[in-house]
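Residue-level structural notes
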Amino acid sequence: MTIQEPKVVRVDSKRNQRTLAQQVDVAGFGFWSSQDVVYSFRPAESNSGIRFFRADLPSSQPIPARVEYRIEKPRQTSLVADGAQVDMVEHVLAALRAARVDNCNVVVTAPEAPGLDGSSVVFLNALLDAGTVEQECAKVTLQVVAPGSIPGLGGAPGAQIEIAPDEEGETYYEYNLVYDVPGAIPNQSASFVFSRSPRDFAREIAPCRTFLTLSEANELRKLGICRRVTEKDALVFDNGAPIDNPLRFDNECARHKLLDMIGDFALAPVDWIGRFKATKTGHQQNANAVRYLLNQVDWR
Ligand SMILES: [Zn+2]
């Protein structure tokens, strides 16, 4: 038996790039660092992509939101360029992608993004309210042409990402959550046709919050991190249900993992067409999949 290699190719673009119509700011505090921060989203020129600028380190270089700049940090997406770093940017990137903002200068006053309610919805609504404008350059588009499971993902046993062509030319994401600690968080799945309108994403996926188990939360508190985060900010699960905080959807955790996945796939400056189905993956495995697929094509 031969195992089929999943494959993407570059195809004609379906649309032009977009940027914000105007600046919009989102303020809060970082969940991990407890630091107050403002993330200021500003229009940027064609082909500049998403770039972070550390206003608190004025001589630092911009940090491109691309997988080459990603470093390994537990439970989040961090990017580093020339010693300047931003943390916890996956929910920001998912919102920019959902709002179809391809070029944006994100000027930040501290490294870690505002945690807000642990979801993307505040970022996404701010971006949608600011509006976007079309630019002169086409958006690079990669399309899945051969199905298969992405090799070399790593991660927990059973972690995988399967991709397949989509006959309608849509972008479909699916996430299957299988938690290794029995009874901690119920197994669940979520899926979304991403090529639908950003308003659907804003209603169905963006409001889904980050989650952890009570024992994980206690560990973090013991280490003195996340000290400003309460059960009201993130979903803390004990015996299969969140403490003191009603779920927004029965499968909110799987929807949140889908949101994370979309943020991770936004580390490639391309539109994806195809079906992307992840099981038990985290940020690291999602990023490995993006690297594997980008290596197959000349996307620049
Ligand atoms: Zn997340």
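Refer to the structure above for everything that follows.
Residues numbered from 1 in each chain as written. Predicted model: local features only at pLDDT ≥ 70, side-chain atom pairs only at ≥ 80, totals over all residues. Heavy atoms only, no water.

Tallying secondary structure elements over the protein gives six helices and 20 strands in all. The C-alpha atoms of the protein give 18 Å as radius of gyration, which agrees with the globular expectation for 300 residues (19 Å, within 12%). In terms of overall dimensions, the protein has C-alpha extents of about 55 × 50 × 35 Å along its principal axes. Expressed as a percentage of the 300 residues in the protein, the buried residues total 55%. At a minimum sequence separation of 6, the contacts of the protein that also span at least 24 residues come to 74%. Accessible surface for the protein amounts to roughly 12800 Å². Of this, 49% is attributable to carbon and sulfur atoms. Charge-centre separation for the protein: the mean point of 32 positive side chains lies 1 Å from the mean point of 38 negative side chains. (Helix = DSSP H or I, 4+ residues; strand = E, 2+ residues; numbered from the N terminus. Rg over C-alpha atoms; globule rule 2.2 N^0.38 Å. Buried < 20%, exposed > 50% of the residue type's maximum accessible area, 1.4 Å probe, protein only. Contact = heavy atoms within 4.5 Å. Areas by Shrake-Rupley, 256 points an atom, 1.4 Å probe, with all protein chains shown as cover. Lys, Arg positive; Asp, Glu negative; His and termini not counted. Charge placed at Lys NZ, Arg CZ, Asp CG, Glu CD.)

With that settled, the discussion passes to the environment of T213. Note that T213 resides in strand β17 (residues 211–213). With 24 residues separating them in the primary sequence, T213 and F237 have C-alpha atoms 4.5 Å apart. When near neighbours in sequence (up to four residues on either side) are disregarded, T213 contacts Y179, A184, I185, V236 and F237.

The subject of this paragraph is the sheet that holds strand β6 (residues 63–64). The strand order β3-β4-β10-β5-β6 describes an open sheet built from five strands, whose pairing is mixed. Sheet topology places β3 (24–29) and β6 at the edges, where each strand pairs with a single neighbour. Most of the contacts of helix α1 (residues 90–98) go to strand β5 (residues 50–54), to which it runs at about 140 degrees, and overall it touches β4 (36–43), β5 and β10 (104–108). Relative to β3, helix α2 (residues 121–130) is tilted by about 165 degrees, and along the sheet it contacts β3 and β4. (Pairing = 2+ DSSP bridges. Axes fitted to C-alpha atoms, helices over the stretch in contact; angles between N-to-C directions.)

Another aspect to go through is the coordination of the zinc ion. Protein-derived ligands of the zinc ion are H91 (NE2), H256 (NE2), D260 (OD) and D260 (OD), with the metal-ligand distances lying across 2.0 to 2.7 Å. Taken together, the four donor atoms coordinating the zinc ion and their angles of 53 to 150 degrees define a geometry best described as irregular. One chain supplies every donor to the zinc ion, and in sequence these donors are spaced H-x164-H-x3-D. Here H91 is found in helix α1, whereas its partner D260 is found in helix α5 (residues 252–265), with 169 residues between them in sequence. With a relative accessible area of 5%, H91 lands in the buried category. (Donors = N, O, S within 2.8 Å, 3.2 Å for Na, K, Ca; no water. Tetrahedral: all angles 85-135°; square planar, octahedral: opposite > 155°, others 65-115°.)

Turning next to the packing of α1 against α2. Packing of α1 against α2 brings their axes to within 8 Å, and their N-to-C directions diverge by 35 degrees. Helix-helix and strand crossings are classified by hand; for α1 and α2 the assignment is right-handed. Across from H91, V92, A95, L96 and A98 in α1, the residues of α2 making contact are F123, L124 and L127. (Left-handed = near helix turned anticlockwise from the far one by under 90°.)

Remember that the coordinates give geometry; whether it matters functionally is a separate question.
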